[in-house]
Amino acid sequence: VEEFVMSDRLGPIEVYCDAPPYPIVRACQEIGFRNPEDVRWLRLRHVVDHHPWWGISPGHPWKLLLGRAKSVEKTCSCGEKLPRLCTGTFTLNTGEELTYRLGQCRRCWTVFWDEA
Ligand SMILES: [Zn+2]
């Protein structure tokens, strides 16, 4: 899944730990993430500092830029390469839309994320 949209399914927003709001975490289960409520979440800005590899092209906000920068090798704390990220827009029941980039380590299941 490279892009996804969640609609009318998310409740109130609460923030916890280094993870996005809980409804987002819960929604990730539905889009195929493994045990998102039980794994570690790491915000990318805490992991990767100002690296253009993780940037979103201003003219093409929906396009993934991952995969272009082959020279960059960032790794998860478990040693696995960072996962590919997908971009998703979550529509809250208030009508507000939140866009996130999300990816899960295939070895330790840590979820990497940030606001798009
Ligand atoms: Zn890992």
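Reading the values: rules and limits
Residues numbered from 1 in each chain as written. Predicted model: local features only at pLDDT ≥ 70, side-chain atom pairs only at ≥ 80, totals over all residues. Heavy atoms only, no water. Helix = DSSP H or I, 4+ residues; strand = E, 2+ residues; numbered from the N terminus. Buried < 20%, exposed > 50% of the residue type's maximum accessible area, 1.4 Å probe, protein only. Contact = heavy atoms within 4.5 Å. Pairing = 2+ DSSP bridges.

Draft legend 1. Structural detail: the overall build of the protein chain. When you go through the protein chain residue by residue, the secondary structure sums to two helices and five strands. For the protein chain, the N- to C-terminal ordering of α and β elements is β-α-β-α-β-β-β. Counting the 116 residues in the protein chain, one finds 44% classified as buried. Put simply, 49% of the contacts in the protein chain that link residues at least 6 apart link residues at least 24 apart.

Draft legend 2. Highlighting unusual backbone geometry. In this structure, Asn-35 is a non-glycine residue whose phi angle is positive, near 40°. A residue is classified by how much of its surface remains accessible, and Asn-35, at 37% relative accessible area, is partly exposed. The phi dihedral of Trp-109 falls on the positive side, at around 70°, and the residue is not glycine. Topologically, Trp-109 is positioned in the loop between β4 (97–104) and β5 (111–115). Its relative accessible area of 29% is what places Trp-109 among the partly exposed residues.

Draft legend 3. Focus on the pairing of β5. With respect to burial, β5 is a largely interior element, four of its five residues being buried. Pairing of strand β2 (residues 41–43) with β5, which is carried by three bridges, proceeds in the parallel orientation. Bridge pairing links Leu-42 to Phe-112 in β5. Pairing of β4 with β5, which is carried by five bridges, proceeds in the antiparallel orientation. Opposite Tyr-100, over in β5, you have Glu-115 as the bridge partner. Once β4 ends, the chain turns through six residues before running back antiparallel as β5, passing Trp-109 with a positive phi of about 70°.

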